[in-house]
Amino acid sequence: AQQPPQGTAASHLDAVQKAGVLRICTPGDYKPFSFQKTDASYEGIDVDLMTSFSGSLNAKPEWIKTTWANLLPDLAAGKCDLAVGGVSVTTERQKRAFFSAPYMVNGKTPIARCADVAKYQSVAAIDKPEVRVIFNPGGSNERFARANFKRAKLTMHGENVTIFDEILANRADVFVTEAAEAITQQKLKPGLCAVNPDKPLQYGEMAWMLPRDDIAFKAYVDQWLHLAQAGGEFQRVMDRWLK
Ligand SMILES: O=C(O)C(=O)C[C@]1(C(=O)O)C=C[C@@H](O)C=C1
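Each chain carries its own residue numbering, running from 1 in the written order of its sequence. Local features in this predicted model are restricted to residues of pLDDT 70 or higher, and side-chain atom pairs are both shown and tallied only at a pLDDT of 80 or more, whereas totals for entire chains, interfaces and linings draw on every residue. For the side-chain quantities, the full set of heavy atoms in the structure was used; hydrogens and water were omitted.

Enquirer: Break down the overall build of the protein chain for me, with residues and values.
Expert: Looking only at helices and strands, the protein chain has 10 helices and 15 strands in total. Radius of gyration: over C-alpha atoms. The globule rule applied is 2.2 Å multiplied by the number of residues raised to the 0.38 power. Relative to its length of 243 residues, the protein chain is compact, with a C-alpha radius of gyration of 19 Å against a globular reference of 18 Å. Counting only C-alpha atoms and orienting by the principal axes, one finds that the protein chain spans roughly 70 × 35 × 30 Å. Out of the 243 residues belonging to the protein chain, those deemed buried represent 49%. Should any heavy atoms of two residues lie within 4.5 Å, those residues are considered in contact. The contacts in the protein chain between residues at least 6 apart in sequence include a share of 72% that link residues at least 24 apart. Of the roughly 11,800 Å² that the protein chain leaves accessible, carbon and sulfur atoms contribute 54%. If the 29 positive side-chain charges of the protein chain are averaged to one point and the 27 negative ones to another, these points end up 4 Å apart. Helix and strand definitions follow DSSP, with helices as H or I runs of at least four residues and strands as E runs of at least two, each counted in order from the N terminus. Exposure categories follow from relative accessible area, calculated using a 1.4 Å probe and restricted to protein chains: below 20% of the type maximum is buried, above 50% is exposed, and the middle band is partly exposed. Exposure was quantified through the Shrake-Rupley algorithm and a 1.4 Å probe, taking into account, for residues, occlusion by the shown protein chains and nothing else. We count Lys and Arg on the positive side and Asp and Glu on the negative side, and we leave His and both chain ends out. Every charge is mapped onto a representative atom, which is NZ of Lys, CZ of Arg, CG of Asp or CD of Glu.

Here you go:
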């Protein structure tokens, strides 16, 4: 009779437990998901979840700072076990990586000076030559801006953490980003308002990005996430950062 396959293919699931370390790539510039503070430590939704997740593997989280442009290359090169921090699910990324089950629906939402909210209710309303659209490079925001704004004046701003001050200082008019970020920043920056965060300009989902083809690891991540959601832990983390 034919033998069933023996043993398991090499998986991050085993390597992480063996090393006692979970290596996590993150840009750390994106509230409320993953944000690096001045003392170099990280905070946010994904940080709380990863602390608990790594504990389930008896591993310590090790944060590895990267950029949005390098997130996928770093993961694919094996520099980390997974990549988090408000990562949008895209079919482009899916060609070279796996995703966990999505844990949040989060579409593209404009944020602007509150006095201007009525002006920026649609892509067409924003895409006018007199509108200065600002965006951060390397992620889905840049892709959205370049694909949708052909007439507006586009300005790339390298530092995601200071992009909101550019709008407040009237050096730019509008930034189109994820709803959760627009909602968080409108709380942090009086004078800025998220434009219809409940009616995004484009549908989007967030997930953790995982090494391609590592099915055992993906199954574990998804199972952990499912239990955290069903058991209430996930919601407690969300409430802590989004309420
Ligand atoms: O690329 C992604 O996955 C993101 O969702 C990250 C992204 C972006 O789209 O650029 C989203 C919002 C933040 O302002 C910074 C980065």
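Further notes follow.
Enquirer: Report on the sheet that holds strand S11 (residues 153-156), specifying residues and quantitative values.
Expert: Strand order in the open sheet made by the 5 strands is S11-S10-S12-S9-S13, with mixed pairing throughout. Looking at the sheet topology across the chains shown, the edges are occupied by S11 and strand S13 (192-194). Strand-to-strand twist in this sheet, taken as the mean axis angle between neighbours without regard to direction, amounts to 30°. We call two strands paired when DSSP finds no fewer than two bridges between them. The pairing of strand S10 (residues 132-135) with S11 spans 4 bridges and is parallel. Each bridged residue has a counterpart across the sheet, and for phenylalanine 135 the counterpart in S11 is methionine 156. Helix axes are fitted only over the stretch in contact, all axes being lines through C-alpha atoms; the angle between N-to-C directions runs from 0 to 180 degrees. Sitting on the sheet, helix H6 (residues 140-148) touches strand S9 (108-113), S10, S11 and strand S12 (174-178), and the angle it makes with S12 is about 130°.

Enquirer: Would you mind going over the site of the ligand in detail, with residue names and values included?
Expert: We call a residue near a molecule or strand whenever a single non-hydrogen atom of that residue lies within 4 Å of it. Taken together, 16 residues surround the ligand, and among them Ser88, Arg93, Ser140, Asn141 and Glu181 come closest. Any N or O atom pair separated by 3.5 Å or less is treated as a polar contact, with the protein-specific requirement of one donor-capable and one acceptor-capable atom, and with residues adjacent in sequence counted only for side-chain atom pairs. Asparagine 141 places a main-chain nitrogen or oxygen 2.6 Å from an oxygen atom of the ligand. Contacts to the ligand include glutamate 181, whose side-chain N or O atom sits 2.5 Å from an oxygen atom. For the ligand, whose free accessible area comes to 360 Å², the fraction covered by protein is 100%. Those elements that place two or more of their residues in the shell around the ligand are H6 and S12.

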